[in-house]
Amino acid sequence: MEENTISTKPFYFPKENKSIVSIIGIGGGAGRIVNEMQDYEFLKRYLYVFGMNRKEMEELSLPHKYLIGTDGLGSGKNKRFAESECKKTLQGLDKIISEIVSCFVVCLGGGTGEGCIKTFLQKSVEMGTKIKLLVVTLPHSSEDIEKRRNALDLLHSLEELVDGIFVVDYDTLPCNTISGLFKEGNRRVIEFVKNLIGSIVNRGILCFDIYDVGTFLKYNSDTRYVEYFSLSGDINYLRQESSNLSKYLPSKYSSDDDISNMILLITFNNNDTDDGTVGIFLDETVHGIMQNLNKESNLKWGMYNDSNIEKNIFRLDIFTKCN
Ligand SMILES: Nc1nc2c(ncn2[C@@H]2O[C@H](COP(=O)(O)OP(=O)(O)OP(=O)(O)O)[C@@H](O)[C@H]2O)c(=O)[nH]1
Ligand SMILES: [Mg+2]
């Protein structure tokens, strides 16, 4: 059977999947987001999509896509139906869910994603996956208040099954149209996944490993929610911005002191940027960030090369947890 045709049988799985990472989109919106992640060559091999709507899935170009249920006609917005179809076709999921890092993407608010996510997560817990990440979008209030409330309740009930959660809340995005919201939602989910997974699987100048991310997620903080933002510019700009990082965090955090855990990824053009500039940048910006953080906070940093970045420009990808 060709892998890029959607199977009418419940699932088709490759025989061997020893991948250290799997990124799994469940439902229509999540499927489109994960499909878009193919733009990044290094992510391609980790991508999987599951859905119930055959027509929607035919529009995706990624090779590993699987139908939940047998008819491909959708969930009818019925979470219970989606859940029971998902449970029936669970066998073989252990070939796709990685035992090392599994990242599940769901756009909350629909029948398929909301109906199936718990089953996937429970399977991952059963398999003993070391790092279980959940990335969700929350429906906009204008879509339906009740839908949003249900999504928040479901999200709360999933907390105990995962190590880390990243939320893109449509109510907080600066967009006026639904298509604008979805575009920005896609972008934010992709940036988060690309940069966090990239820090593990890409070789850097000063690298990160899975246990660094595991420590960030599991220790020194009671929350599972991760905040993420990115800053990019020259030394002067970054020195100034990094002196008050809390302005990039949700308003419930009042100062850099609230940050309990941080992963700082520094990316620049190592072939072009002068060593002296890198040294000053590290001394001033990175050291400055460390000094502003609470003494008990746990900071891990890594350095990566990107030859597409302009000379003497640095990008900081910042993941934080706040208590
Ligand atoms: N970022 C983004 N969000 C989307 C997109 N499509 C839908 N959404 C959001 O995702 C929510 C759920 O929609 P779907 O992903 O289609 O739902 P589903 O899981 O496929 O479930 P059903 O369609 O009910 O079977 C919506 O309420 C929107 O808020 C998309 O293409 N991009
Ligand atoms: Mg859908």
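Every chain is numbered on its own, with residues counted from 1 as its sequence reads. Labels are handed out in written order, letters beginning with A for the chains and numbers beginning with 1 for the ligands. Confidence filtering applies because this is a predicted model: local features only for residues at pLDDT of at least 70, side-chain atom pairs given and counted only at 80 or more, and all residues used for totals across whole chains, interfaces and linings. The basis for every side-chain value is the complete set of non-hydrogen atoms in the structure, without hydrogens or water.

A. Expanded view of the nonpolar core. Nine residue types can take part in a nonpolar core, namely buried Ala, Val, Leu, Ile, Met, Phe, Trp, Tyr and Cys, and a core is a set of them joined through side-chain atoms within 4.5 Å. The buried label applies to any residue whose accessible area, calculated with a 1.4 Å probe on protein chains only, is under 20% of its type's maximum; exposed applies above 50%, and partly exposed to all values in between. In this structure, Ile-23, Met-37, Val-105, Phe-192, Val-193 and Phe-319 are the most contacted members of the largest nonpolar core, which totals 43 residues. Going along the chain from the N terminus, every DSSP run of H or I of four or more residues is numbered as a helix, and every run of E of two or more is numbered as a strand. Among the elements that take part in this core, helix 6 (residues 178-201) stands out by supplying 8 residues, more than any other. Domain start and stop points were drawn from an automatic or database domain assignment. In terms of domain composition, this core takes at least three residues from each of domain 1 (21-201) and domain 2 (223-322). Membership of the second largest hydrophobic core comes to 30 residues, among which are Ile-26, Ile-117, Leu-158 and Ile-165.

B. Local environment of the site of ligand 1. For this purpose, a residue is taken to be near a molecule or strand whenever a single non-hydrogen atom of the residue falls within 4 Å of it. In the vicinity of ligand 1 there are 20 residues, among which Ser-75, Gly-111, Thr-112, Glu-143 and Asn-186 approach most closely. Here an oxygen atom of ligand 1 sits 2.9 Å away from a polar atom, N or O, in the side chain of Arg-32. In protein, a polar contact requires one atom able to donate a hydrogen and another able to accept it; more generally it is a pair of N or O atoms within 3.5 Å, and residues adjacent in sequence count only if both atoms are side-chain atoms. For ligand 1, a nitrogen atom lies 2.7 Å from a polar atom in the side chain of Tyr-170. Per-residue and other accessible areas were derived by the Shrake-Rupley procedure at a 1.4 Å probe size, with only the shown protein chains allowed to occlude residues. Burial of ligand 1 by the protein chains amounts to 89% of its free accessible area of 640 Å². Ranked by residue count, the leading element in the shell around ligand 1 is helix 1 (residues 28-36), at 4 residues.

C. Structural context of helix 1. The set of residues buried in helix 1 consists of Ala-30, Gly-31, Ile-33, Val-34 and Asn-35. Of the surrounding elements, those touching the buried residues of helix 1 are strand 1 (21-26), strand 2 (47-51), strand 4 (101-107) and helix 6. For this analysis, residues touch if any pair of their heavy atoms sits within 4.5 Å.

D. How the structure looks around the domain arrangement of the chain. Taken domain by domain, the chain holds domain 1 (21-201) and domain 2 (223-322). One C-alpha centre belongs to domain 1, the other to domain 2, and the line joining them spans 28 Å. Each partner contributes residues to the interface: domain 1 has 15 residues there, and domain 2 has 10 residues. For any pair of parts, buried area is found by adding up, for both, the accessible area (1.4 Å probe) each one loses once the two are put together. Interface of domain 1 and domain 2: buried area, both sides summed, is about 1100 Å²; carbon and sulfur atoms make up 60% of it. Of all residues in domain 1, Ile-165, Asn-195 and Ser-199 give up the largest surface area on contact with domain 2, accounting jointly for 38% of the area buried on that side.

E. View of unusual backbone geometry. Although it is not a glycine, Lys-77 sits at a positive phi angle of roughly 60°. Here Lys-77 is to be found in the loop between strand 3 (65-67) and helix 3 (79-88). Looking at Lys-77, the relative accessible area reads 69%, which means it is exposed. Located in the positive-phi region is Asn-220, a residue other than glycine, with phi close to 70°. Among the structural elements, Asn-220 can be located in the loop between helix 7 (210-218) and strand 7 (227-233).

F. Looking closely at the packing of aromatic side chains. Working definition: a ring pair exists when centres of Phe, Tyr or Trp rings (six-membered ring for Trp) sit within 6.5 Å. Plane angles under 30 degrees give stacked, over 60 give edge-to-face, the rest tilted. The full count for this structure, using the stated rule, is 12 aromatic pairs. Note on Phe-104 and Phe-120: the rings are 6.3 Å apart at their centroids and 70° apart in plane angle, and the pair reads as edge-to-face. Taken together, the positions of Phe-104 in strand 4 and Phe-120 in helix 4 (residues 111-127) put the pair 16 residues apart, joining distant regions of the chain. Note on Phe-120: relative accessible area 0%, which makes it buried. Between Phe-229 and Tyr-248, the ring centres sit 5.1 Å apart and the planes meet at 15°, which makes this aromatic pair stacked. Here Phe-229, found in strand 7, pairs with Tyr-248, found in the loop between helix 8 (235-241) and strand 8 (259-268); they are 19 residues apart in sequence, far enough to count as distant. Of the residues examined, Phe-229 reaches a relative accessible area of 8% and is grouped as buried. For Tyr-248, a relative accessible area of 28% translates into the label partly exposed. Each member of the aromatic cluster is reached from another via a ring pair, and the members are Phe-50, Tyr-66, Phe-104 and Phe-120.

G. Seen up close, the pairing of strand 5 (residues 131-138). The element strand 5 is largely enclosed, with a buried count of 8 among its 8 residues. Taking every second residue as pointing to the same face, both faces of strand 5 are buried, with Ile-131, Leu-133, Val-135 and Thr-137 on one and Lys-132, Leu-134, Val-136 and Leu-138 on the other. For the handedness criterion, the β-α-β arrangement of strand 4, helix 4 and strand 5 is classed as right-handed. Taken together, the 6 bridges between strand 5 and strand 6 (residues 164-169) define a ladder with parallel strand orientation. Bridging from a neighbouring strand, Val-136 pairs with Val-167 of strand 6. Whether a crossover is right-handed depends on one test, that the path from the first strand over the helix to the second runs clockwise when the strands point away from the viewer. The parallel pair strand 5 and strand 6, bridged by helix 5 (residues 145-158), forms a crossover whose chirality is right-handed. A strand pair is defined by DSSP finding two or more bridges across the two strands.

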